[in-house]
Amino acid sequence: MEARAAVDDVALGREAWSVLDANWTGSATVPAPGLYPHQWNWDSTFVAIGLSRWDTRRAGAELLSLLAGQWSTGMVPHIVFHPAAAEAYFPGPSVWRSQDHPASPNEVLTSGLTQPPLQGLALWWMWRHTTDREMAAALVRRLYPMLAAQHDYLTTARDLGGGGLAAIVHPWESGMDDSPVWDAPLEALPQVRYAYRSEGLADGHLDSHHDRYVSLALRYRDSGYDATYLREDHPFAVEDPMFNGIWLASCQALAELAPLAGADPQPYREAVERIRAALLERLWADGVFHTRDLRSGRLSPVCTVGCFGPMLDPGLPTERVADLVRLLESPRFMGAVGYPVPSCEIRAPQFDRSRYWRGPSWMNTNWLLRRAAAIHDQTGLAQVLGAGTLRLVRQAGFRECFDPFDGSGRGSRDFSWSAALTLDLLADTVDP
Ligand code: 2M8
């Protein structure tokens, strides 16, 4: 394992800031130098969360830059392209062709997919932790209508199952691209071949799946990013517990921020109730939430870190919370590894400690589960998650993800959400 001398909190905080400064383009933070040269949706939003206690202006700039890419449908894209890097990442703007779609913004090039709708929660987090209430209140008023439009988009265009949940139409929309829960829906697609980022494949990705990722994106693009096509013909439509758990948390946040924005909280309160009921009715089985493939009607048998997403709901019934905490602490997840939280249950045949989202631990999901534990007064679990996550970055640096057994770093170095969320986790111990 690649280890380094453990650094103290102050030095770790300084290192985190220098990563975030180096990854700043002037208007947003890229996930990592080299591999990811544009603004990614949930990466930026985690950066905003991490900066909330320390730099309201930059946290706000991050969200405003992302939302400058919002389509008039309300969809918040998963990538906002940085013009200087144009085709440095595949699939770049020439594949997505957002500029040809009337709903996309005029001056900004984006992808045509979305990612977990974390922005409501991030705005609430900023409001709660800011040291500049006036600036934060102005940001809430400015961003609120955009997040309301995002919410309407998910409610109308993405309830493909008709049961009150938002469906994702591509694994990239989950943020957990290579998760084994997409294996069955992907394998049901016809086999295709594309040259896809070949230099990275040996390391973290499954070759044939990536060919299908590209073909799936092209099919959606060629439909004109059409909502009716998604509902009736698109071959990939999945209800994901993490995506919907995050959506619920953002609805809760929008309800709480409504008075500040002069808006009515009631629609968001109702959305929270509706999403909770749908999660329990449609995705709960055998003591945990599962993904539902709307095309086959099947629940995925594989349990991943995403299955704990609905724990972000403060109103989740206590027996369900107890079931999830038991599973999370069991040898299927945290109980058998040194570092939280493996992205796939380790007894699953698909578990692989070295492949993206099929085993490694990630800071962003650790942060979400720590938040969920805190919401449900699981103080011990929250502490273990916080301390274990900080141990990862102290030992291995701000890597993209980590081996859950020995804590060694994997993927990109100087990864922005790992740096930003470290700042948030350190806030308990380091004075601003
Ligand atoms: C990874 O996803 C991108 C596609 O969006 C990729 O594999 O190229 C995921 O880890 C995703 O969660 C993340 O947002 C993105 C940028 O860090 O990289």
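About the criteria used
Residues numbered from 1 in each chain as written. Predicted model: local features only at pLDDT ≥ 70, side-chain atom pairs only at ≥ 80, totals over all residues. Heavy atoms only, no water. pLDDT = per-residue confidence, 0-100. Contact = heavy atoms within 4.5 Å. Helix = DSSP H or I, 4+ residues; strand = E, 2+ residues; numbered from the N terminus. Buried < 20%, exposed > 50% of the residue type's maximum accessible area, 1.4 Å probe, protein only. Polar contact = N/O pair within 3.5 Å; in protein donor to acceptor, adjacent residues only side chain to side chain. Pairing = 2+ DSSP bridges. Salt bridge = Lys/Arg side-chain N within 4 Å of Asp/Glu carboxyl O.

1. Some points on the confidence of the model for the protein
Stage number 1. Residues of the protein with pLDDT of at least 70 account for 94%, and the chain-wide mean is 94.
Stage number 2. Taken as a whole, residues 197–202 scores under 50 in pLDDT and shows seven contacts with residues more than four places along the chain or in a different chain.

2. So, the environment of Ser300
Stage number 1. Note that Ser300 resides in the loop between β7 (292–293) and α13 (318–329).
Stage number 2. Accessibility expressed as a relative area gives 10% for Ser300, which makes it buried.
Stage number 3. For the pair Ser300 and Arg391, spaced 91 residues apart in the sequence, the C-alpha separation amounts to 32 Å.
Stage number 4. Setting aside chain neighbours within four positions, we find Ser300 in contact with Val181, His290 and Thr291.
Stage number 5. Here the side chain of Ser300 touches Val302 through a polar contact of 3.2 Å, landing on its backbone nitrogen.

3. Quick word on the side chain of Asp159
Stage number 1. Looking at the element boundaries, Asp159 is found in the loop between α6 (133–157) and β3 (167–168).
Stage number 2. Engagement of the side chain of Asp159 in a polar contact is seen with the backbone nitrogen of Gly163, the distance being 3.2 Å.
Stage number 3. A polar contact is formed between the side chain of Asp159 and the backbone nitrogen of Gly164, at a distance of 3.0 Å.
Stage number 4. Setting aside residues no more than four positions away along its own chain, Asp159 makes contact with Leu154, Gly164, Leu165 and Arg231.

4. Notes on the sheet that holds strand β4 (residues 238–239)
Stage number 1. Here we have three strands laid out as an open sheet, ordered β3-β4-β7, and antiparallel in their pairing. Strand pairing shows two members of the sheet lacking a second neighbour, β3 and β7, which therefore form its edges.
Stage number 2. Of the pairings in the sheet, the one linking β3 to β4 comprises two bridges and is antiparallel in character. Residue Ile168 lies in a different strand from β4, and its bridge partner there is Val238.

5. Focus on the environment of His151
Stage number 1. You can see His151 is positioned in helix α6.
Stage number 2. Taking the relative accessible area as the measure of exposure, His151 reaches 7% and is therefore buried.
Stage number 3. C-alpha separation for the pair His151 and Val76, spaced 75 residues apart in sequence, amounts to 9.9 Å.

6. Overview of the pattern of salt bridges
Stage number 1. According to the stated counting rule, one finds 17 salt bridges in the structure shown.
Stage number 2. Glu173 is paired through a salt bridge with Arg158; the nearest N and O atoms lie 2.7 Å apart. Taken as a pair, Glu173 in the loop between β3 and α7 (183–187) and Arg158 in the loop between α6 and β3 lie far apart in primary sequence, 15 residues in all. Taken individually, Glu173 and Arg158 each receive the classification buried, so the pair is uniform in this respect.
Stage number 3. Put simply, Glu345 and Arg332 hold a salt bridge, and the shortest N to O gap is 2.8 Å. Linking Glu345 in the loop between α13 and α14 (363–375) with Arg332 in the loop between α13 and α14, this pair joins segments that are 13 residues apart in sequence.
Stage number 4. Taken together, the shared-partner salt bridges in this structure form one network comprising Arg353, Asp403, Asp406 and Arg410.

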